[in-house]
Number of protein chains: 2
Amino acid sequence: MIKGKDGTPIPKVVIERLPRYYRYFDWLENRAEKISSKKLSELMGASASQVRLDLSYFGDFGQQGYGYNIKKLKAELAKILRIHTPMKFVIVGMGNIGRALTRYNAFIEAGFKLEGLFDVKPILIGEKISGTTIYKVDELESFVKTHSVDMAIIAVPKEVANEVVKTLVASGVKGILNFAPLDLEVPDGFPVENIHIIDKALALSFLIRERQH
Amino acid sequence: MIKGKDGTPIPKVVIERLPRYYRYFDWLENRAEKISSKKLSELMGASASQVRLDLSYFGDFGQQGYGYNIKKLKAELAKILRIHTPMKFVIVGMGNIGRALTRYNAFIEAGFKLEGLFDVKPILIGEKISGTTIYKVDELESFVKTHSVDMAIIAVPKEVANEVVKTLVASGVKGILNFAPLDLEVPDGFPVENIHIIDKALALSFLIRERQH
DNA sequence: TAGATTGTTAATCGATTAACAATC
DNA sequence: TAGATTGTTAATCGATTAACAATC
């Protein structure tokens, strides 16, 4: 388990909340100089205790009687989340989702660097999308190695996802962002984050129905 | 809070896990007739107690000494999640993400029905994507009303997202699936599910870094 | 200084797991 | 019947909140 400031393990839920804190500090940047845990918690709909405890896992960023300096906290969170530290990634699967992510500027803004695109369809190989080339998926392993790719996005059909995963893990990629609607088979502790669009839509569907009795 | 079987409130975490159960039963369908909570829990990487307790919020689906009938459970979960019960939706924002979601067949497969697309850019109005027309966002409110749209997907820039939300809430839409990187301002208890792609990528980024010491 | 607000420890709350009687 | 496995209640674990001494 991941350790914080003084060796205390950081709960996974806290890690998953970090990007949200970053978003709020980014938003606050041109709006104020400082903010207290109380004010921030009201803004975010959390408790002030949670804000303070969450942040305290990573350092002593606040000051009694003052609160948190927004510029400083934003910079600290950026450092923690490696924003602006180029993280090289590839996208595997050039369907709708893969193509959309290729053009999604938010990745670049957050400091991610797209190195290559991959697909099986011969007709797509060589095509460029916003300046990035589509390669044969056969070349994935060697490409990841030679370009020291850090992270891969999986946007292939679920039937072939675990095949791709096997290749990626063998290639030495360090984490996977998965858009395929299944749980990937990865070695224990291998970093994976899932984006299950339909799962979210179905949960919403359930909530909507229940709300109407 | 949402109530289950005998009036016990169902924790939100359990609801969010339901689509995952559905995926597993869908996968199991042609592979076996029945499954025990023990076997299922091993497959899913959960505990058998959790499986049994989760499912028990919605009904008594199992049988002692036998387990759960896969076909039956899949059908029950489909009913609970309203799969195959057409849920009408619109997509607001025809950027990369909006366009990709328009063509994303998984929505149709899960029984969602795309009624219309919306954008502000005059040049896009009238265009059809996979048979669905793009309308002016000015027409959003009346469209939702006349077509009794249940759900909206927000895929607009964050700067205008809350404007769209205001229109949607006024129009009587019943839930929102949000892809914009911010927390939407909705009335208390209004169903929203967020898909924060960059948040997930950043959390992954953090996990990768920490894993390498 | 007095007021504000932190970081942290203790108390509480909620979710997960273990245990088991019921029963197929 | 004996073995398997449910649904549920009690015990445990972990996360959230409250409280407060420290201090800017």
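The structure presented is a predicted model; accordingly, all values stated were derived computationally and were not measured.

Asks: What is the right way to look at the packing of aromatic side chains in this model?
Replies: A ring pair, where both rings are aromatic, is described by two values, the distance of the centres and the angle of the planes. Residues and elements named next belong to chain B. Throughout the structure, instances matching the rule amount to 16 aromatic pairs over all chains. Ring plane angle 80° and centroid distance 5.8 Å describe the contact between Y104 and F107, whose orientation is recorded as edge-to-face. Across the pair, F107 and Y104 agree in class, each one buried. Taken together, a centroid distance of 5.2 Å and an interplanar angle of 75° make the contact between F118 and F143 edge-to-face.

Asks: Could you clarify how one ought to interpret the domain arrangement of chain A in this entry?
Replies: Many descriptions give the size of an interface as the accessible area lost when the pieces come together. Domain parsing of chain A yields domain 1 (12-81) and domain 2 (87-199). Taking the mean C-alpha position of each, domain 1 of chain A and domain 2 of chain A sit 32 Å from one another.

Asks: Is there a simple way to think about helix α9 (residues 197-211) of chain B in this case?
Replies: Given 3.6 residues per turn, any residue in an α-helix points the same way as the ones three and four places further on. Residue and element names in this part refer to chain B. Under the 1.5 Å per step criterion, the end-to-end length of α9 is 21 Å for 15 residues, consistent within 8% with the ideal 21 Å. Residues I197, I198, D199, A201, L202, A203, L204, S205, F206, L207, I208 and R209 constitute the buried set of α9. Positive phi shows up at H213, right after α9, with a value of about 80°.

Asks: I tried to follow the interface of chain B and chain A on my own but got confused; where do I start?
Replies: On the side of chain A, 62 residues touch chain B, which itself brings 61 residues to the contact. Buried area between chain B and chain A, both sides added, is near 5,700 Å², and the carbon and sulfur share of it is 69%. By the criterion of area lost to chain A, the three top residues of chain B are B:R23, B:L202 and B:F206, representing 11% of everything that side buries. At the surface where chain B touches chain A, the tally comes to eight salt bridges. With a closest N to O distance of 2.8 Å, A:D183 and B:R20 form a salt bridge. The tally of links between chain B and chain A comes to 19 residue pairs in polar contact (both at pLDDT 80 or more). For the side of chain B that touches chain A, the secondary-structure elements that each account for two or more residues are α1 (12-28), α4 (70-80), α5 (96-102), α6 (105-109), β9 (175-178), β10 (192-194) and α9 of chain B.

Scoring rules and cut-offs
Residues numbered from 1 in each chain as written. Chains lettered and ligands numbered in written order. Predicted model: local features only at pLDDT ≥ 70, side-chain atom pairs only at ≥ 80, totals over all residues. Heavy atoms only, no water. Phe/Tyr/Trp six-rings, centres within 6.5 Å; stacked < 30°, edge-to-face > 60°. Buried < 20%, exposed > 50% of the residue type's maximum accessible area, 1.4 Å probe, protein only. Domains from an automatic or database assignment. Helix = DSSP H or I, 4+ residues; strand = E, 2+ residues; numbered from the N terminus. Expected span 1.5 Å × (residues − 1). Contact = heavy atoms within 4.5 Å. Buried area = accessible area lost by both parts, 1.4 Å probe. Salt bridge = Lys/Arg side-chain N within 4 Å of Asp/Glu carboxyl O. Polar contact = N/O pair within 3.5 Å; in protein donor to acceptor, adjacent residues only side chain to side chain.

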